[in-house]
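# Survey of secondary and tertiary structure
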Number of protein chains: 4
Amino acid sequence: MAHVLGQNQYGKAENRIVRVHRDSARHEIKDLNVSVSLRGEFDDVHLTGSNANCLPTDTIKNTVYAFAKEYGIESAEAFGILLARHFVDDTERGVVHGARIRIEEYAWERIRTPDGSAGFIGSEKEKEEVEVEVEVEMGHSFVRSGQEVRTSEIVYDGESVRVISGLKDLVVMNSTNSEFWGYIKDGYTTLEEAYDRILATQVTARWKFGHSGRDGEAQPDWNHSYTQVKRHLLEAFAETYSYSLQQTLHAMGTRVLDNRAEVDEVRLELPNKHHFLVDLEPFGLRNENEVYYAADRMYGLIEGTVHREGVVPVIPVA
Amino acid sequence: MAHVLGQNQYGKAENRIVRVHRDSARHEIKDLNVSVSLRGEFDDVHLTGSNANCLPTDTIKNTVYAFAKEYGIESAEAFGILLARHFVDDTERGVVHGARIRIEEYAWERIRTPDGSAGFIGSEKEKEEVEVEVEVEMGHSFVRSGQEVRTSEIVYDGESVRVISGLKDLVVMNSTNSEFWGYIKDGYTTLEEAYDRILATQVTARWKFGHSGRDGEAQPDWNHSYTQVKRHLLEAFAETYSYSLQQTLHAMGTRVLDNRAEVDEVRLELPNKHHFLVDLEPFGLRNENEVYYAADRMYGLIEGTVHREGVVPVIPVA
Amino acid sequence: MAHVLGQNQYGKAENRIVRVHRDSARHEIKDLNVSVSLRGEFDDVHLTGSNANCLPTDTIKNTVYAFAKEYGIESAEAFGILLARHFVDDTERGVVHGARIRIEEYAWERIRTPDGSAGFIGSEKEKEEVEVEVEVEMGHSFVRSGQEVRTSEIVYDGESVRVISGLKDLVVMNSTNSEFWGYIKDGYTTLEEAYDRILATQVTARWKFGHSGRDGEAQPDWNHSYTQVKRHLLEAFAETYSYSLQQTLHAMGTRVLDNRAEVDEVRLELPNKHHFLVDLEPFGLRNENEVYYAADRMYGLIEGTVHREGVVPVIPVA
Amino acid sequence: MAHVLGQNQYGKAENRIVRVHRDSARHEIKDLNVSVSLRGEFDDVHLTGSNANCLPTDTIKNTVYAFAKEYGIESAEAFGILLARHFVDDTERGVVHGARIRIEEYAWERIRTPDGSAGFIGSEKEKEEVEVEVEVEMGHSFVRSGQEVRTSEIVYDGESVRVISGLKDLVVMNSTNSEFWGYIKDGYTTLEEAYDRILATQVTARWKFGHSGRDGEAQPDWNHSYTQVKRHLLEAFAETYSYSLQQTLHAMGTRVLDNRAEVDEVRLELPNKHHFLVDLEPFGLRNENEVYYAADRMYGLIEGTVHREGVVPVIPVA
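First things first, this report covers the structure right here in the doc. (Residues numbered from 1 in each chain as written. Chains lettered and ligands numbered in written order. Predicted model: local features only at pLDDT ≥ 70, side-chain atom pairs only at ≥ 80, totals over all residues. Heavy atoms only, no water.)

### Remarks on the interface of chain A and chain B
- Facing 84 residues of chain A, the contacting portion of chain B comprises 84 residues.
- Between chain A and chain B lies a buried interface of about 6700 Å² when both sides are counted; carbon and sulfur atoms form 55% of it.
- In terms of surface lost to chain B, no three residues of chain A exceed A:His3, A:Ile184 and A:Tyr188, which account for 12% of the buried area on that side.
- Here chain A is connected to chain B by 2 salt bridges.
- Ionic pairing is found between B:Glu14 and A:Arg297, a salt bridge with its closest N-O pair at 2.8 Å.
- One can count 42 residue pairs in polar contact (both at pLDDT 80 or more) joining chain A with chain B.
- When contributions to the side of chain A that touches chain B are tallied by element, the ones reaching two or more residues are strand E1 (3-13), strand E2 (15-21), strand E3 (28-40), helix H1 (43-47), helix H2 (57-71), strand E4 (96-123), helix H5 (245-259) and strand E11 (299-308) of chain A.
- Counting residues per element, the side of chain A that touches chain B draws most heavily on E1(A), at 11 residues.
- Bridging between E1(A) and strand E11 (residues 299-308) of chain B involves 9 bridges; their strand directions are antiparallel. The residue of E11(B) that forms the bridge with A:His3 is B:Arg308. (Contact = heavy atoms within 4.5 Å. Buried area = accessible area lost by both parts, 1.4 Å probe. Salt bridge = Lys/Arg side-chain N within 4 Å of Asp/Glu carboxyl O. Polar contact = N/O pair within 3.5 Å; in protein donor to acceptor, adjacent residues only side chain to side chain. Helix = DSSP H or I, 4+ residues; strand = E, 2+ residues; numbered from the N terminus. Pairing = 2+ DSSP bridges.)

### A look at the relation of the copies chain B and chain D
- When chain B is fitted to chain D, the residual RMSD is 0.0 Å, and the transformation amounts to a turn of 180 degrees plus an axial shift of 0.0 Å. Such a combination of turn and shift is consistent with a two-fold rotation axis. (Least-squares fit on C-alpha atoms with pLDDT ≥ 70 in both.)

### Observations concerning the pattern of salt bridges
- Across all of its chains, the model carries 101 salt bridges over all chains by this definition.
- Across the pair A:Arg93 and A:Glu92 runs a salt bridge, and its minimum N-O distance is 3.3 Å.
- We classify A:Arg93 as exposed; its relative accessible area is 53%.
- You can call A:Glu92 partly exposed: its relative accessible area is 36%.
- In this structure, the salt-bridge partner of C:Arg150 is C:Glu105, at a minimum N-O distance of 4.0 Å. Taken together, the residues span a long stretch of sequence, with C:Arg150 in strand E5 (residues 130-156) and C:Glu105 in strand E4 (residues 96-123) at a distance of 45 residues. In this pair, the class of C:Arg150 matches that of C:Glu105, namely buried. (Buried < 20%, exposed > 50% of the residue type's maximum accessible area, 1.4 Å probe, protein only.)

### Considerations on the side chain of A:Thr201
All names here are of chain A.
- Structurally, Thr 201 is set in strand E7 (residues 199-209).
- You can call Thr 201 buried: its relative accessible area is 0%.
- Apart from the residues within four sequence positions on either side, Thr 201 is in contact with Leu 170, Val 171, Val 172, Phe 237, Leu 270, Pro 271 and Lys 273.

### Details of the pairing of strand E10 (residues 291-294) of chain B
- Residues B:Val291 and B:Tyr293 line one face of E10(B) and the alternating positions B:Tyr292 and B:Ala294 line the opposite face, and both faces are buried.
- Here strand E9 (residues 275-277) of chain B runs beside E10(B); their pairing, made up of 3 bridges, is antiparallel. The residue of E10(B) that forms the bridge with B:Phe276 is B:Tyr293.
- Judged from the 3 bridges that link them, E10(B) and strand E2 (residues 15-21) of chain D form a sheet pairing that is antiparallel. Paired with B:Tyr293 across the two strands is D:Ile17, which belongs to E2(D).

### What to know about the pairing of strand E8 (residues 263-272) of chain B
Residue and element names in this part refer to chain B.
- Of all 10 residues that make up E8, 10 are buried, and the element is covered over most of its length.
- For strand E7 (residues 199-209) and E8, the ladder comprises 7 bridges, and the chain directions are antiparallel. When the bridges of E8 are listed, Lys 208 appears paired with Glu 265.
- Relative to E11, E8 runs antiparallel, the two being bridged by 8 bridges. Within E11, the position partnered with Glu 265 by the bridge is His 307.

### A few points about the relation of the copies chain A and chain B
- Relative to chain B, chain A is turned by 180 degrees and slid 0.0 Å along the rotation axis, the superposed coordinates differing by an RMSD of 0.0 Å.
- A share of 100% of interface residues in chain A that are also interface residues in chain B marks the association as one of identical surfaces.

### Focus on helix H4 (residues 222-239) of chain C
- Taking 1.5 Å per residue as the helical rise, H4(C) with its 18 residues ought to reach 26 Å, and the 26 Å between its terminal C-alpha atoms agrees with that figure.
- Among the 18 residues that make up H4(C), 13 are buried, leaving the element largely enclosed by the rest of the structure. (Expected span 1.5 Å × (residues − 1).)

### Comments concerning the packing of aromatic side chains
- Here the structure, examined in full by the defined rule, presents 40 aromatic pairs over all chains.
- Relative to C:Tyr71, the ring of C:Phe67 has its centre 5.0 Å away and its plane inclined at 55 degrees; by these criteria the two rings are tilted. Of this pair, C:Phe67 and C:Tyr71 both sit in helix H2 (residues 57-71), 4 residues apart, which is roughly one turn of that helix.
- The buried category is assigned to C:Phe67, whose relative accessible area is 5%.
- Residue classification places C:Tyr71 among the partly exposed residues on the basis of a relative accessible area of 48%.
- Between D:Trp181 and D:Tyr243, the ring centres sit 6.2 Å apart and the planes meet at 90 degrees, which makes this aromatic pair edge-to-face. Of the two residues, D:Trp181 is situated in the loop between strand E6 (161-174) and strand E7 (199-209) and D:Tyr243 in the loop between helix H4 (222-239) and helix H5 (245-259); the sequence distance between them amounts to 62 residues.
- Connected via pairs of aromatic rings, a cluster forms that spans A:Phe67, A:Tyr71, B:Tyr188 and C:Phe283.
- It is A:Lys185 that lies over the ring of A:Tyr183; its NZ or CZ is 4.4 Å from the centre. (Phe/Tyr/Trp six-rings, centres within 6.5 Å; stacked < 30°, edge-to-face > 60°. Lys NZ or Arg CZ within 6 Å of the ring centre and 35° of its normal.)

### Here we look at the packing of H2(C) against helix H3 (residues 76-90) of chain C
Residues and elements named next belong to chain C.
- Relative to each other, H2 and H3 sit at 130 degrees, their axes nearing to 11 Å. Between H2 and H3, the angle falls in the class oblique. As H2 packs across H3, the resulting crossing turns out to be right-handed. Taking contact as the criterion, the partners of Ile 60, Thr 63, Val 64, Phe 67, Ala 68 and Tyr 71 in H2 are, on H3, Phe 79, Leu 82, Leu 83, His 86 and Phe 87.
- Looking at side-chain class alone, the contact of H2 with H3 contains 9 nonpolar, 2 polar and no charged residues. (Axes fitted to C-alpha atoms, helices over the stretch in contact; angles between N-to-C directions. Parallel < 35°, antiparallel > 145°, perpendicular 65-115°, else oblique. Left-handed = near helix turned anticlockwise from the far one by under 90°. Nonpolar A, V, L, I, M, F, W, Y, C, P; charged D, E, K, R; others polar.)

### Details of the packing of helix H4 (residues 222-239) of chain B against helix H5 (residues 245-259) of chain B
Residues and elements named next belong to chain B.
- Two elements in contact, H4 and H5, have axes separated by 8 Å at closest approach and are oriented at 140 degrees. By the criterion of interaxial angle, the relationship of H4 to H5 is oblique. Note that H4 runs across H5; the crossing there is right-handed. Residues Val 229, His 232, Leu 233, Glu 235, Ala 236, Phe 237 and Glu 239 of H4 form the contact with H5, whose participating residues are Thr 248, Ala 251, Met 252, Arg 255, Val 256 and Asn 259.
- The residue makeup of the contact of H4 with H5, split by class, is 7 nonpolar, 3 polar and 3 charged.

Here's what the structure looks like:
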């Protein structure tokens, strides 16, 4: 029986790039990991050994670095759209039919040093409330802030653009306001119901934009949008009194949709990073929700999508 | 506008289990990492905080360990089918509609020790050709053999079973018999054509079985099938004179389909682990394809599916 | 010839513990990874199979968790001193002669949410300068801040205590103010001199305290000391115009000694995280120190100790 | 008070090199990760910003690759000795006083394919016992065999050479023949005594050679020695009926000293990879040492040295 070559794609993965914008004394940096994947008329490359339709992955890499110089990097999303359009629209004889750009971005903050004077932070009414050291930023010194990795995926098929932004490795914990009880009991149940537990998870989130890139449609402010989505995820996690991680997941997703009109689908993957209460009774001690063993594996894994009515969800299941 | 709860699933991930079969003096061990994910009527868990339809992930974990005792583990695939059927068919009120079991298996070999006598290995005709130390196996001592990790995914929807087996982290290299030239040149091309290069990759492969689990259909011999698929992947890699990694990918996929009737779809992910020839001319030396720098990142990434005609491919793109 | 049992030690490694201090509505958490290692009269355990002198590692683990409840965790260092003294002073028949406690600490910050009112931050003179959203802290919601991991090692030999604190995985970068030239040239030199380069490193630092724990000597304020040492390391990195990473290392070490009287030895390990300027000339572009390839391996590795005169350095070479 | 620059060293770490020896149709490959560290007259580099005494790490890297071409790589140890001697003996003005070379080696085996004929393996007396497929090796196709990583450290101070070889990540398990009881009980003891448990560990071993490199002293056969030491470690692990992991450690170390005259010191680090018996009684099942949960953390960690009488041990404690 004949065999068929099915879906295939190729590209250059994990192009690590640091772009310094030196337009002022105060440098700006972007630190990205860019992966490119192309689809198109590549049957001969697989079947005959002819590379006539093959844009080498080395060239793909060169293009990423050259574009970083030519166009700068305002945001990962805008940079990815530029790249995706180039590979599909500009490759000779139209052999590239689709491009997918995935980008991880690592955040840096400026190193700050106290300038010796006193300062304060507070609301208008209570401006003396908190005294702080006044800090000055160094113009070109940075420290990597590892709270989370920002992600984005840009897909272009020659007609429209689809942008999915996201984050991963954002670890959060509520030390109370979480319960879990009233669940199914069967012959394999040993878990005791919990009325005050730690809830901790490592958030992976992806959210799709309504933006389609057609007809000169204006792009969202990708960086501002990212900051706000992250804020709403954190706030919803913190403010939700939780009866299950599923409930928290749903609250996080809807919070984003409620507040960010440019987003129409949110998908979350939330591992339940179990914190087990240690039994201290053998040592004559009462553990009043104070001492926990933080386990690595196994872990609960909760995944789900929340989307606007009428939108067909597209973010794939992991 | 109202928001909709879309695709969702949950379960217990990475249940690490070692099962010792002690039926004879020669122990057998299975070393697995089992991840379970359930789909079903879980809307209330997300929306109302009611856990009445929630089978706790702790119970899922208990079930995995109890089943390992009750049924033993002949193969990851058969064990996964048992688990998937249980969660869907046996959970109360039919609230679980689908189950996905993913398993990683870590291989162990017996520790062998020389017994002091002489031995040999060879064909019938040339039996003196290679003398070897005769080794005896210890009955209960093992060393982990890290060539690759065996993977499997079992999905059951209440009617039929779909099994995708695979492997990952299998690192292979041809030190010659690989070329790359005749590709597209554009303004970003700097790569020089290569007529003798190292080809190295870290194979991730997944292959789907025709087996559907319906009507008492007999299961394949999963372990034998695995051994043979791995063998054919290795042989095709070794025997293909390559003009591109795409061509090697296609040869590997078709080799499996040609030889294993139980498999009807193969998907491969092949990172091109670049080995760059080091320029030694500044030191007055000629590098005749002898000294390479093995790079970590960036890397080419080649992905593709080969399937039988008439089969609708289902293995998802990573 | 007889064989001798030399240096040996054992213990329980990587006890993951989260301690919640719930004394007020504003919870405090400590997130530690505690490793214990004991030395003593363990010859028989190795030689005869008698465990009469063996305190099981399981008991060591239990002790860590019980002490976390009984004494709380004010700082990793104080907690480690308590544990070390216990294992040596309290284990029966004095069979434990020395204890080493190593602790990693993961930092968390509170999740903050805007309260809707306007605020500002600034020096007394310029208080309107920067307007900020006023944020309120949630009392029991945290996000892990991954800038660095805090480390400490406490060694107790029955008489005195030695404390070495430190940090790791603190990634910093200067986008200018770094040069490298005037070095040795030999037959293997190809590097071009650099007059403006990126200097980036991932700081591992360890520093020893003068504190010996004898005679009721008061302990330093470990947490404040840590914050200040980190600050001085960052400031010295940022403010040093660098002709080599060695010079930067020396500046960082001396800065700590200059400012923190409680510290008498500093050791630094600074991998030179190379950022290579990408050659864009083939594409008709000039790379004016703007586009870099961030390499993983190989990397320069610079290590060194700075200590006060008269102090015998003890922090071991990695 | 003045500050003193103490011990310092620098070099190029993790030079990844693949060396193909193509002298015959049957290629040989060596796959190494080479880290170089130099000590010497580097005070000015730290203190004044003068690099006059600095051999750039880039040059160190070039030297590693050039030497791989010029001298080939017969063994990591012999290659490391060559490099160490070069950096100390040949660097201008004798500014380098000592060199330390650390090498990781990754093992590859040839890909073998059945040739279709029947074969067998067995002792002279029982030659029909086991029938095997006869396999032919491909001359230039390899698969990485991940059982363990081979390590070596070569230190040269201008006079003599010290070689410490080793291995890491060798995971072994005995499914029986291990007990643990008769230990100290105190107020924190909850562990139950075990009379039949799984013993599993991930071996890190280092062993020092008597070889000093002086006076044209002949080098050991490093590769043969390595194979034999690994064999004796495995055999001792498998054959020791164990009352503690300490006892097993001691048996492994002495076995090497008993059998390998070229080795005079052995140090082992053995994490106790706990396999906990799962309690199946709540489900009406008896777990007769058949079903285990393989835990990641915390873990016991057993470390110790065995050396010949009269030898001063030098392998450092981790």
